[in-house]
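Summary of the model geometry
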Amino acid sequence: MNKKYHIHTFGCQMNVHDSEKIAGIFDETGYGAAADSGDADIIVLNTCSIREKAEQKFTSELGRLKKVKQKNPNLKIAVAGCIAQQSGKKLLKRFPYIDFLFGPDNIGSLNTLLDGGNGRTAIEHNPDYHTSIIPMKREGGLKAWVSIMYGCDNYCAYCIVPYTRGRERSRPASDIYDEIKSLADEGFKEITLLGQNVNSYGKGLTESIDFPDLLRKIHEIEGPQRIRFVTSHPRDFSAKLVSAIRDLPKVCEHMHLPLQAGSDSVLKSMNRGYTYDDYKAKIDMIRAEDPFMAVTTDIIVGFPGETDDDFEKTVRALTEIEYDGIYAFKYSKRPGTDALSLPGHVDEEVKSARLARILDLQESICYRKNKILEGKIVEVLADGPSETDSSRMTGRTRSNKIINFDGDKDDAGKSVFIKIVEARMHSLNGEKV
Ligand code: SAM
Ligand code: SF4
């Protein structure tokens, strides 16, 4: 009987997509997916180290698995992702019941590790990883992530990503094109291009191509109806990209543009490479082209040195820009990053109060913005039955808003037109027209 694997994924889309690659390799090696982690012969924890909380979730799951392994000594435990990369052999020393570990650039080494052929670690950064073609197991057949670049060169002072995922490397455009072409042939309808800083796509490639050129190239592929991308770095966000979005109907009207903070002195010590005015000018440029473009952002509160006055500037930015949604985080100390040695670390209670304040403010903004949409008819790509009420369907608007509606199960995977009848804080309710 085939051996069975289970993957537990922590963290961002990048990790979810890496897990699709890990699953692809297992499938090729002859393993089958376990229906439940309890049936697995091997469990892979694909880890995230972006904030301390993500690490805590991993260690608590590892503690649980230790007990499972005591009862079933044949169970193998593998650790992948950013914590494997960052902690390496120290992790094996601290948790000797881990069988092996591999970093984000070493997913291709999984078969060798399974054979016991490569010792217990594969964590060397691989400068050629962007040219590797790795099998992938994508679920659902509707929406697919496609990596266009790996790593990051920005070294924002708070961020661990450049250390765990290595230097920025763009994938050759022809590899990206071929991958999307085959996804189109398989019937995928929505493609999300992934990179830590998609706006600097093309750096280091022999061909002369930038991100707007890449968008134009893949837009020609027949089949997918929607193209999305994350994440845009505000510094590299260009007028050329705004024109490409305007010209390319499949590119959805949603932009995730992380601001991080509203104060110029905080932005400077974060090493973000723009001021608030630079950022706001780019938002104005987007909205001049399309006033209905949804814009979302990431915010960090309590970065070292952030005063009450600095924080008020973030509050002011949220009020002024009126985002469609935000992801807000308390600053979390990350080993090896520059921010650790900055003066003025902010108390945990102050961070919590600041976080609560902006989340509260954003809720009212989201509700107000959604309320304006009542009565409008929008195109929705239906995902399937809603998780909270299986008698209703759920999907996303082109602007990436969640919408629940009365529809048929057959609508799943289709584009349907929905009239928005009720605005909620974080979703919309609609009916089919
Ligand atoms: N590359 C993307 C960018 O620059 O916008 C973001 C990648 S990161 C996975 C997602 C978000 O996590 C960041 O935008 C930032 O807001 C947040 N983040 C990263 N490091 C953090 C830290 N040490 N503490 C709190 N939030 C952090
Ligand atoms: Fe981290 Fe900054 Fe790179 Fe984003 S751009 S991954 S926040 S270093």
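To start, this report covers the structure provided alongside it. Keep in mind that this is a model prediction, so the values were computed, not measured.

1. Examining the site of ligand 2
Taken together, the neighbourhood of ligand 2 is formed by Cys152, Asn154, Tyr155, Cys156, Tyr158, Cys159, Val161, Pro162, Gln196, His233 and Arg272. Residues of the shell around ligand 2, tallied by class, amount to seven nonpolar, three polar and one charged.

2. Quick notes on the site of ligand 1
Around ligand 1 sit 15 residues in total, of which Gln196, Pro258, Gln260, Asp298 and Ser332 are the nearest. Residue Gln196 places a main-chain N or O atom 2.8 Å away from a nitrogen atom belonging to ligand 1. With respect to ligand 1, the backbone of Ser332 contributes an N or O atom lying 2.8 Å from a nitrogen atom. Isolated, ligand 1 exposes 570 Å² of accessible area, and the fraction of that covered by the protein chains is 91%. Contributions of two or more residues to the shell around ligand 1 are made by β13 (294-301) and β14 (325-330). By residue class, the composition of the shell around ligand 1 is six nonpolar, four polar and five charged.

3. Structural notes on the sheet that holds strand β7 (residues 143-147)
With parallel pairing, three strands are arranged side by side in an open sheet as β7-β10-β11. Sheet topology places β7 and β11 (226-230) at the edges, where each strand pairs with a single neighbour. Across the sheet, the mean angle from the axis of one strand to that of its neighbour is 25°, orientation sign disregarded. Sheet topology places strand β10 (residues 190-194) next to β11; five bridges connect them, and they run parallel. Within β11, the residue paired with Leu194 across the bridge is Val230. Those strands touched by helix α6 (residues 173-185) are β7 and β10, and its axis lies near 170° from that of β7.

4. A closer look at the environment of Pro258
With respect to the element layout, Pro258 can be found in the loop between β12 (254-256) and α9 (264-270). The buried category is assigned to Pro258, whose relative accessible area is 3%. Along the chain, Pro258 and Met270 lie 12 residues apart, while their C-alpha atoms are 13 Å from each other. Setting aside its immediate chain neighbours within four residues, Pro258 contacts Thr231, Ser232, Pro234, Arg272, Tyr274, Tyr279, Thr297 and Asp298.

5. Comments concerning the nonpolar core
One finds Ile148, Leu193, Tyr201, Phe211, Leu215, Phe229 and Ile358 to be the most contacted residues of the largest nonpolar core, which totals 66 residues. With residues near it in sequence (within four places) discarded, Tyr201 still touches Ile148, Met149, Ser170, Arg171, Pro172, Ala173, Ile176, Ile209, Asp210, Phe211 and Leu214.

Conventions and cut-offs
Residues numbered from 1 in each chain as written. Chains lettered and ligands numbered in written order. Predicted model: local features only at pLDDT ≥ 70, side-chain atom pairs only at ≥ 80, totals over all residues. Heavy atoms only, no water. Near = heavy atom within 4 Å. Nonpolar A, V, L, I, M, F, W, Y, C, P; charged D, E, K, R; others polar. Polar contact = N/O pair within 3.5 Å; in protein donor to acceptor, adjacent residues only side chain to side chain. Areas by Shrake-Rupley, 256 points an atom, 1.4 Å probe, with all protein chains shown as cover. Helix = DSSP H or I, 4+ residues; strand = E, 2+ residues; numbered from the N terminus. Pairing = 2+ DSSP bridges. Axes fitted to C-alpha atoms, helices over the stretch in contact; angles between N-to-C directions. Contact = heavy atoms within 4.5 Å. Buried < 20%, exposed > 50% of the residue type's maximum accessible area, 1.4 Å probe, protein only. Core = buried A, V, L, I, M, F, W, Y, C linked by side-chain atoms within 4.5 Å.

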